[in-house]
Amino acid sequence: MQKKTLFFLLLIFILISCTKKISIDLPKKEPKLVINSFFIPFTLPYPESFKVKVSQSSPLLDTSTMNAITDATVIISSDNQIDTMKYNDSLKYYDLGFTFPEAGKNYQLKVIKSGFKTVISNDVVPSKVKMTSYEINPIAGTNDCGDIYSEITINFNDPPNEENFYEVEVSEDTTFQIFSNDNIITSESYYPSLLSFDAENPEYLLFNDNYINGEKHQLKVFYYPRQYDESDGRYINSQVIFLHFRSVSENYYKYKTSLLQHLYRQQGDILYGTGEPVNVFSNIENGYGIFAGYQEDTETILIKTIKVE
Amino acid sequence: MKKIITIIVFIISLGNCFAQNRYTISGYVYDNKSKEVLIGANIFVPNSKIATISNEYGFYSLTLSAKDSVKLIVSYIGYKTKSLKILLTQNKRINLFLESGIEIDEVTVTGYKNKSIVERNETGVVRLQMKKIKTLPNLFGEVDIMKSLQLMPGVQSGGEAKSSLYVRGGSPDQNLILLDDVPLYYVSHFGGMFSIFNADAINDVKLIKGGFPARYGSRLSSVLDIRMREGNMQKYHVQGTLGLLSSKISFEGPIIKNKTSFIISVRKNLLPVFKLFDVGVTYNYYDINAKINHKLSQNDRIFFSFYSGNDKVKIKNEIKTSSINQKDTRSVKWGNTLAALRWNHIFNSKLFSNLTLSYTNYNYQNNIESSYKSDSTDQNITNNLYSGIKDINAKFDFDYYINPNIKLRYGINSIYHIFTPNDIYYFQEGPNISHIDTSYNDINTNAFENAVYLESEIKYNWFNTNFGVRFSNYDIKNQKYYSIEPRLLFNFILTENLSLKYSFSTMKQYVHLLSYSGVGMPSDFWMPTTKNVVPETSYQNTLGIAQSFFDNKYEFSINSYYKIMSNLIAFKQGESFFGNIESWENVIEKKGTGNAYGLELLLQKMQGKTTGWIGITLSKADRNFANLNNGKTFPFKYDRLFDVGLAITHKIKENITLSATWTYGSGYPITLATEKYTSSGKEVYVYDDINSFKMRDYHRLDVGINFNKKTSWGERTWTISIFNLYNRQNPYYYYFERELNFVTINNGYGISTINEKGDLKLYQQSFFSFFPSFSYSFKF
């Protein structure tokens, strides 16, 4: 595809497009607090308490490094319970020790730091939707470069009478780029267009239940597993794959989908230009970032070394 | 409806009241060689105010007092002026024939003046002479009427080398583009780089930016009225052009001499540029214009017009081994088809009518097909998206020449729209995948759009008017909209060479466009007005002066305008046309408003060896949506404060023409980020207010030269053009990116150089630097 993109680019723009560095005066803005916090109820095997990262925004062309803020007052509250978080120096975030979020509860976050406007936010942990079954086909097809892609089929029942938001992620030690032909994914605004030559597939797929509300659904996603060539052919590595099927809050969904859109628009597309810029959604009042809840159904899948016939 | 018919019958009967002691001369104005009609020819009595111009079908009617004889002058730019004496004892049908090739300033005719901009009952109207346009510099050897119109004041291109029109702060969907009276919905080839209009098949081009006559409606910002040629009634002719990206050929001639003629023009990209590189990408486009014109009788003519044009981009990958056969094909295809049957009927010397029955179809298709076959697997996946609009249109128009000072135009129009917002088909089958064969939202939405109008052109010594009103109605799924659209135009003739013009127009638009405004592939989705998405409306006031001097060789006008638009739509932040089209009402912002105001100066030299124009525009345009930009008003994307368009053509010798165009424009608005932060491990930018920054100013000089030669077999022309002569790097868009720093490191095995991301910088992307092109045209 690289070769084709290059030639298409070359010919469409008549071999003479040109890039030039320019300078512009940008107005200086007061820095704001940036919050990063996703919270999940107690889930085995890796239960996590609340954790909140606090940093700050800076002028766009500022060359200084943005360090984390370690001396803010970070307060989590729900109903009548108020907890102040402590900064964990080794993990580089604020946490609450062994206090775990609960499903269905609304949590408020307040962060106070001198020199900045105090930020507040709130979100809820959504109800959990589990996979009813899943299946993996390690050799589902090959692309034009001869790379093998695998297919994971996920079955689930969307609860009726409520608005649900989902996320699918496939990881090993790192997260795989995944793609899908399902309309519930391809109809999402963030999902790269079929005509976006330069766009990479996202590392997570988010979708809502607009088209499947209250129905059973079978979702197929694809990814490229680690693979290698030997003298006698191509092999897929032996590997342990984690399939994450998440039920996420609306804020989580809005934040991550807008983040994907934002990042795609940063790159631009040689055929479609940079498009209209998109600001990342934030539910942090007076600041930037996200404070959002989710639940997760994770499956561990062992794949043995396979020779591609 | 009964009332409307009664009014029409009453108006028709009015003609008889004026018949006493006055006689009417009427007929058509033709080119004497080809016998094609001439649109907009002047017919007048010298040293008087009695004058008329031929209409869109070449018909004229002039009612005069009974006299023994009357002298008439007939003139048309690029043609020899004709003078004739007529014995006026009864109503007469006189067809007028003009000889082409000699401009009116090159012959001595005294005692008359051509009808100038001062007298013309119009404002904000731009006319292009096809002969002149063909000599202007071009890109890729392709003459483009849209690019010529972009040099006029009040018209923006929307981007380097693009053929879109942004008229007086309006967007391209707000332009009513008519080819032989039939609307076209998409008018560009090759990623928007040049228009679908084949200059060899075009007779007349008129752009109306304001002061809209009541006969036009359905769009907010402009009317582009393009008339196709009819074909030579006398002789067969072939003409063609070989160009870099397209070649074309036209064939025309009589089917029955002086009675029936035809013209067919075909244009296609002949060089398979992408195929040459064998990269699996193909881009093809074509268009066909055809017309048959038949005189049924002295009072009746019929025309059949046909246009079809398509663009197709295809990307194909195929892997074939002894055991595997894998194919992936992606294609995008879009185009228009148009067919129109028109009947001109002359009821009597004062009443002319035209009935048009037409069909127009715009469609956009996006197809993906993937198949994988091996000894053990046979897998197929197909994903198709179709979107389009089809119109079935019936239109009946009347021109009623009551006397030289009063002319009525009235008519009815009914359009049946068939919208296919999206039609998605998904199919998959194979041993390892579940079988899916499904369609999503395969639903057409149909709507009726109806209009009736009345227009009255009244001339008094110092005062001309065009009053009109248009009643329109739109009906979709039991949702009905009604509208009254008043139109006013006053032309106060202050002196022989100076006039003051004022106009007011209300316009309604019942179709909406969702489109991506990026660089490359077009992707226009036309959507209906619905219960939730109400018709767009505009109100435009214009005030201007017009002056002619040096015997009308020069025309000068200053026009100011103020336009208010309401019920505009736009995508919600981050939404685009891909995917979500079935729920399009949910992804758009509704009830937007817009303001556009400006001042336009145009100086034109119409005749002589050196002709051309300079247009200067000072303008502002903005938009406001409750949920965009925090509800604050922001500049329109193509708001340009200052703009200059200059076009000059100079005939060095009879066979050599030199031309140049220069454009200058202050920078388009752009949205830029001002802050950054890190979130989820990614660098995030915070964008400031929409379009709150300006890009650098734009300017460009193009030059061209035409060498024309008459040969034993006919005529040939070499055209050489240079686009962007002084190689100005104009901004197309801006983007931020981190600099790449080359860092030398010692990795333990030796010294190596690596790329390291450095500071964030702002970059300007430019396209189309200095680019020469040539074409070869022939005619015999």
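If you're wondering where the values come from, they're calculated on a predicted model, not measured in any experiment.

### Structural notes on the overall build of chain A
In terms of regular secondary structure, chain A is built from 3 helices and 21 strands. In chain A, which comprises 309 residues, the share counted as buried stands at 54%. For chain A, long-range pairs separated by at least 24 residues make up 71% of all intrachain contacts whose partners lie at least 6 apart in sequence. Of the accessible surface of chain A, which amounts to about 14,200 Å², a share of 48% is contributed by carbon and sulfur atoms.

### Thoughts on the overall build of chain B
Across its full length, chain B carries 4 helices and 49 strands. Buried positions account for 60% of the 780 residues belonging to chain B. A separation of at least 24 residues holds for 65% of the contacts in chain B among residues at least 6 apart in sequence.

### Here we look at the confidence of the model for chain A
Per-residue pLDDT for chain A has a mean of 85; in total, 88% of the residues score no lower than 70. Confidence drops under pLDDT 50 across residues 1–6 of chain A; counting only partners more than four residues distant or on other chains, this segment forms 13 contacts.

### Some remarks on the pairing of strand β20 (residues 260–268) of chain B
Residue and element names in this part refer to chain B. Two strands pair when backbone bridges link them, and strand β19 (residues 247–256) and β20 are joined in this way by 9 bridges, in the antiparallel orientation. Along β20, the bridge assignment pairs I249 with V266. In sequence, β19 turns back onto β20 through a hairpin of 3 residues, with N258 there showing a positive phi of about 65°. Two elements, β20 and strand β21 (residues 281–295), share 9 bridges in a ladder whose sense is antiparallel. Counterpart to V266 in the pairing with β21 is I288.

### Concerning the pattern of salt bridges
Charged atoms that come close allow side chains of opposite charge to pair. Residues and elements named next belong to chain B. Inspection of every chain in the model, using the stated rule, returns 40 salt bridges over all chains. Where R227 meets D225, a salt bridge forms, and the shortest distance between an N and an O atom there is 3.1 Å. The exposure class assigned to D225 is buried, which follows from its relative accessible area of 2%. Where D643 meets R640, a salt bridge forms, and the shortest distance between an N and an O atom there is 3.7 Å. Judged by its relative accessible area of 6%, D643 falls in the buried class.

### With respect to the sheet that holds strand β42 (residues 673–679) of chain B
Pairing in this open sheet of 3 strands is antiparallel, and the strands run β4(A)-β42(B)-β43(B) from one edge to the other. Either end of the sheet is taken by a strand with one partner, and the two such strands are β4 (58–59) of chain A together with β43 (682–687) of chain B.

### Considering the sheet that holds strand β18 (residues 233–236) of chain A
Residues and elements named next belong to chain A. Taken in spatial order, the 3 strands make up an open sheet running β17-β18-β21, and their pairing is antiparallel. Two strands close off the open sheet at either side, each with one partner strand: β17 (227–230) and β21 (306–307). Pairing between β17 and β18: 4 bridges, direction antiparallel. Within the sheet, the bridge partner assigned to E230 lies in β18 and is G233.

### A look at the confidence of the model for chain B
Scored by pLDDT, chain B has a mean of 83; 89% of the residues are at 70 or more. Across residues 7–19 of chain B, where pLDDT falls below 50, the model places 16 contacts with residues more than four positions away in sequence or in other chains.

### A word on a nonpolar patch on the surface
A contiguous nonpolar patch, built from I255(B), I256(B), I292(B), F304(B), L341(B) and L357(B) and spanning about 520 Å² of accessible area, is present on the exposed surface. Looking at the element boundaries, F304(B) is found in strand β22 (residues 300–320).

### Some remarks on the packing of aromatic side chains
Following the criterion strictly, the structure yields 66 aromatic pairs over all chains and no others. Look at F39(A) and F50(A): their rings are 5.1 Å apart centre to centre, the planes differ by 45°, and that puts the pair in the tilted class. Taken together, the residues span a long stretch of sequence, with F39(A) in strand β2 (residues 33–39) and F50(A) in the loop between β2 and β3 (51–56) at a distance of 11 residues. Between the aromatic rings of F156(A) and F207(A), the centroid separation amounts to 6.0 Å while the plane-to-plane angle is 45°, which identifies the pairing as tilted. You can see F156(A) sitting in strand β12 (residues 148–157) and its partner F207(A) sitting in strand β15 (residues 205–208), a full 51 residues away along the chain. Here F156(A) matches F207(A) in class, with each residue buried. One aromatic cluster is present, built from ring pairs that chain together Y28(B), Y30(B), Y57(B), F59(B), F97(B), F303(B), F352(B) and Y401(B). Looking at K256(A), its charged tip hangs above the ring of F38(A), at a distance of 5.6 Å from the centre. Across the ring face of Y28(B), the terminal group of R301(B) is positioned such that the distance to the ring centre comes to 5.3 Å.

### Some remarks on the side chain of T649(B)
All names here are of chain B. Looking at the element boundaries, T649 is found in strand β39 (residues 642–653). Exposure remark for T649: the relative accessible area of 7% places this residue in the buried category. Apart from the residues lying within four places of it in its own chain, the contact partners of T649 are T135, L136, K609, T610, T611, T657, L658 and S659.

### Details of the environment of P635(B)
Residues and elements named next belong to chain B. Summarising the element assignment, P635 is placed in strand β38 (residues 634–635). Sequence-wise, P635 and Y668 are 33 residues apart; in three dimensions their C-alpha atoms are separated by 9.4 Å. If near-sequence neighbours (up to four positions away) are discounted, P635 is found in contact with A621, D622, P669, I690 and N691.

### Some thoughts on the nonpolar core
In this structure, F156(A), V168(A), F207(A) and F245(A) are the most contacted members of the largest nonpolar core, which totals 51 residues. Residue contributions to this core peak at 7 residues, all from helix α3 (residues 250–267) of chain A. Look past the residues within four positions of F156(A) in its chain and what remains in contact with it is V129(A), K130(A), M131(A), T132(A), Y166(A), F207(A), I212(A), E215(A), K216(A), H217(A), L219(A) and F245(A). Ranked by size, the runner-up nonpolar core spans 46 residues in total, among them F194(B), Y364(B), L513(B) and L514(B).

### Quick word on the environment of K508(B)
Residues and elements named next belong to chain B. Secondary-structure assignment places K508 in strand β31 (residues 498–509). Along the sequence, K508 and L139 sit 369 residues apart, while their C-alpha atoms lie 35 Å from each other. Contacts of K508, omitting those with residues within four sequence positions, involve S218, R219, L220, S472, S483, E485, P535, E536 and T537. A distance of 2.7 Å separates a polar atom in the side chain of K508 from a polar atom in the side chain of T537.

Conventions used here
- Residues numbered from 1 in each chain as written.
- Chains lettered and ligands numbered in written order.
- Predicted model: local features only at pLDDT ≥ 70, side-chain atom pairs only at ≥ 80, totals over all residues.
- Heavy atoms only, no water.
- Helix = DSSP H or I, 4+ residues; strand = E, 2+ residues; numbered from the N terminus.
- Buried < 20%, exposed > 50% of the residue type's maximum accessible area, 1.4 Å probe, protein only.
- Contact = heavy atoms within 4.5 Å.
- Areas by Shrake-Rupley, 256 points an atom, 1.4 Å probe, with all protein chains shown as cover.
- pLDDT = per-residue confidence, 0-100.
- Pairing = 2+ DSSP bridges.
- Salt bridge = Lys/Arg side-chain N within 4 Å of Asp/Glu carboxyl O.
- Patch = residues over 30% accessible without salt bridge, like charges linked within 9 Å, V, L, I, M, F, W, Y side chains within 5 Å.
- Phe/Tyr/Trp six-rings, centres within 6.5 Å; stacked < 30°, edge-to-face > 60°.
- Lys NZ or Arg CZ within 6 Å of the ring centre and 35° of its normal.
- Core = buried A, V, L, I, M, F, W, Y, C linked by side-chain atoms within 4.5 Å.
- Polar contact = N/O pair within 3.5 Å; in protein donor to acceptor, adjacent residues only side chain to side chain.

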